[in-house]
Each structure stands twice: as structure tokens, then as C-alpha cells.
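# Structural overview for review
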Amino acid sequence: MALVIPDVLEESCATRQALERMAAKWRVLLIYALLAGPQRHAELRRRLPGITQKVLTETLRGMESDGLVERRVLKETAPQHVEYTLTALGKTLQEPLSAICAWALEHP
């Protein structure tokens, strides 16, 4: 079966849309962090030096909207405890991201 290369220059191309979503600065790093398992907001901030609370919250909301991350409320009363975990869809990114890491190691 021949490799199908989509026309990523077209705005309507699903591949282009996926690449644009993943190109956001913190998304790939958050996926890597969440591959280790569910984590709370503060844990993610510690693991990603340089990300602000606002940007982390916005990025996680966007990833939740895209179906990559699930937000779980662990404690309803104040202070609320929430953790984030990759969805089944989010976990499907592990293999492609591993391939990118392998490529980067081979081509420094």
C-alpha cells in the first residue's frame, strides 16, 4: 500500500489542523508529562519550568476540548482537587512522539 501524503497546505486538511494543534508550545511537553500518569495542576507546573499558571490552564482546557486530556475532580469542596490524565486518544500520540524523539537523537 502506497503512502498517502495529504495536502497539508490546504486549510481544510485534517493533518494540517492536527499539526497546528500540536505545534502550540506546551502541548507536546504536557503530553510527555502526562504519559507518566495522572497529575495535578501543581505537579505539572513543577515538571514544566517556565509555564505560567494561566498558560497551563488554557493549554489543558484546549487539550480537554480536543479530547486529548481528561479533567477529573477528586474533591468537590474548597480547595478543589483536580487531576489531569491523557485520554485514550491522547495516549495514541505516544508512538509518533517516540519516533520524533528517536529521530532527534539520531540527527542532533
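Residues numbered from 1 in each chain as written. Predicted model: local features only at pLDDT ≥ 70, side-chain atom pairs only at ≥ 80, totals over all residues. Heavy atoms only, no water.

## With respect to the UniProt feature "domain: HTH hxlR-type" (unreviewed entry) in the protein
- Taken from the UniProt record, the annotation "domain: HTH hxlR-type" (unreviewed entry) applies to residues 13–108.
- Annotated as residues 13–108, this span is 56% helix and 16% strand, and its ends, taken at the C-alpha atoms, are 30 Å apart. (UniProt positions renumbered as here; feature names shortened; annotations may be inferred. Helix = DSSP H or I, 4+ residues; strand = E, 2+ residues; numbered from the N terminus.)

## Some points on the sheet that holds strand β2 (residues 69–75)
- One open sheet holds the three strands; their spatial order is β1-β3-β2, and the pairing between them is antiparallel. Two strands bound the open sheet, and with one partner strand each, they are β1 (39–40) and β2.
- Taken together, the two bridges between β1 and strand β3 (residues 81–86) define a ladder with antiparallel strand orientation. In the sheet register, Gln39 faces β3, and the bridge partner there is Tyr84. (Pairing = 2+ DSSP bridges.)

## With respect to a nonpolar patch on the surface
- A grouping of Val8, Leu9 and Leu19 is seen on the molecular surface, where their side chains present a nonpolar patch of about 300 Å² in accessible area.
- Mapped onto the fold, Leu19 is located in helix α1 (residues 14–22). (Patch = residues over 30% accessible without salt bridge, like charges linked within 9 Å, V, L, I, M, F, W, Y side chains within 5 Å. Areas by Shrake-Rupley, 256 points an atom, 1.4 Å probe, with all protein chains shown as cover. Salt bridge = Lys/Arg side-chain N within 4 Å of Asp/Glu carboxyl O.)

## Thoughts on the nonpolar core
- Leu30, Leu44, Leu60, Val69 and Tyr84 are the most contacted members of the largest nonpolar core, which totals 18 residues.
- Listing elements by their share of this core, those giving two or more residues are α2 (27–34), α4 (53–65) and β3.
- Among the elements that make up this core, the one with the highest residue count is α2 (four residues).
- When neighbours within four sequence positions are excluded, Leu44 is seen to be in contact with Leu30, Ala33, Leu34, Gln39, Leu56, Leu60 and Tyr84. (Core = buried A, V, L, I, M, F, W, Y, C linked by side-chain atoms within 4.5 Å. Buried < 20%, exposed > 50% of the residue type's maximum accessible area, 1.4 Å probe, protein only. Contact = heavy atoms within 4.5 Å.)

## Digging into the layout of surface pockets
- Approximately 240 Å³ is the volume found for the largest pocket.
- In terms of lining residues, the largest pocket is bounded by 14 residues, among which His41, Thr57, Arg71, Val82 and Tyr84 are the most central.
- Of all the secondary structure elements, the ones that give two or more residues to the lining of the largest pocket are α3 (41–47), α4 and β3.
- The residue inventory of the lining of the largest pocket, partitioned by class, reads four nonpolar, four polar and six charged.
- Looking at the second largest pocket, the residues that line it are Ala18, Leu19, Met22, Val28, Leu93, Pro96, Leu97 and Ile100.
- Contributing elements (two or more residues each) for the lining of the second largest pocket: α1 and α6 (94–106).
- For the lining of the second largest pocket, the residue count by class is eight nonpolar, no polar and no charged. (1 Å grid on protein atoms, 1.4 Å probe; cavity = no way out; pocket = protein on both sides within 12 Å on 5 of 7 lines; lining within 4 Å. Points joined across faces, edges and corners; volume = space filled by probe spheres on them. Nonpolar A, V, L, I, M, F, W, Y, C, P; charged D, E, K, R; others polar.)

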